[in-house]
Amino acid sequence: MAKVNIVIYGGDRLGKIPLLLKNHGFNLVKHVTGRKHSDLKTNIPSHVSTVLVLTDYLSHSMLSDVKTTAKRKGLKTVFAKRSWSEIQKVIQL
């Protein structure tokens, strides 16, 4: 099974989420907390096919920018709280 490249926006700490994603066929390319001023420049890597947005740890303006950029690039975008059970639901494991 080919790995799916994913980027995560939001969440200061991800805990075991990267490992759990890896075990389900995802390759975490980048994690952006959204806390630094430089994070406001949404730059989604070109080799990413899925964007995971952790809504409970992201500002509204950052959320809006990520959503717009991902849509413009035609990327699958999913929204969840920072909990593995919520993430599983939205990425349909």
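As a reminder, the structure under discussion sits directly above these lines.
Thresholds applied
- Residues numbered from 1 in each chain as written.
- Predicted model: local features only at pLDDT ≥ 70, side-chain atom pairs only at ≥ 80, totals over all residues.
- Heavy atoms only, no water.
- Helix = DSSP H or I, 4+ residues; strand = E, 2+ residues; numbered from the N terminus.
- Expected span 1.5 Å × (residues − 1).
- Buried < 20%, exposed > 50% of the residue type's maximum accessible area, 1.4 Å probe, protein only.
- Arc of directions from axis to C-beta.
- Contact = heavy atoms within 4.5 Å.
- Pairing = 2+ DSSP bridges.
- Axes fitted to C-alpha atoms, helices over the stretch in contact; angles between N-to-C directions.
- Right-handed = clockwise from strand over helix to strand, strands pointing away.
- Core = buried A, V, L, I, M, F, W, Y, C linked by side-chain atoms within 4.5 Å.

*Asks:* Help me understand helix α2 (residues 60–73) in this model?
*Replies:* Residues spaced three or four apart along an α-helix point in a common direction, a consequence of the helix completing one turn every 3.6 residues. Taking 1.5 Å per residue as the helical rise, α2 with its 14 residues ought to reach 20 Å, and the 20 Å between its terminal C-alpha atoms agrees with that figure. Buried within α2 we find M62, V66, T69 and A70. All buried residues of α2 project into a common sector of 95° when viewed along the axis, lining one side. In this structure, α2 carries H60, K71 and R72 as exposed residues pointing more than 90 degrees from its buried face. In the core, the buried residues of α2 are packed alongside β1 (4–9), β2 (26–32), β3 (50–54) and β4 (76–80).

*Asks:* What am I meant to see in the sheet that holds β4 here?
*Replies:* Note: strands within a sheet are paired through backbone hydrogen bonds, in either parallel or antiparallel orientation. Taken in spatial order, the 4 strands line up as β2-β1-β3-β4 in an open sheet, and their pairing is parallel. Lying at the two open borders of the sheet, with one neighbouring strand each, are β2 and β4. The mean angle between the axes of side-by-side strands here comes to 25°, regardless of whether they run parallel or antiparallel. Where β1 lies against β3, 4 bridges are found, and the strand directions are parallel. Each bridged residue has a counterpart across the sheet, and for I6 the counterpart in β3 is T50.

*Asks:* Whenever I open this one, the pairing of β2 confuses me. Can you help?
*Replies:* Two faces make up the sheet, and in a regular strand the side chains alternate between them. Here β1 runs beside β2; their pairing, made up of 6 bridges, is parallel. When the bridges of β2 are listed, V7 appears paired with K30. Note on the crossover from β1 through helix α1 (residues 17–23) to β2: the handedness is right-handed.

*Asks:* What am I meant to see in the nonpolar core here?
*Replies:* Nonpolar side chains in soluble globular proteins tend to end up buried together. Core analysis: the biggest nonpolar cluster contains 13 residues, and I8, I17, L21, L52, L54, I87 and I91 have the highest contact counts within it. At the level of elements, β1, α1, β3, β4 and α3 (84–91) are the ones that each hand at least two residues to this core. Top element by residues in this core is α3. It accounts for 3 residues. Residues in contact with I8, not counting those within four places in the same chain, are L14, I17, L21, L28, K30, H31, V32, L52 and L54.

*Asks:* Before we go on, may I ask you to explain α3 in this structure?
*Replies:* Those residues of α3 not exposed but buried are W84, I87 and I91. All buried residues of α3 lie within an arc of 60° about the axis, which places them on one face of the element. Taken together, the buried residues of α3 touch α1, β2, β3 and β4. In the segment just after α3, Q92 is the residue with positive phi, at about 55°.

*Asks:* Can you walk me through the side chain of T50 in this structure?
*Replies:* With respect to the helices, strands and loops of the structure, T50 is situated in strand β3. Assessed through its relative accessible area of 5%, T50 is described here as buried.

Any functional reading would require information that these geometric values do not contain.
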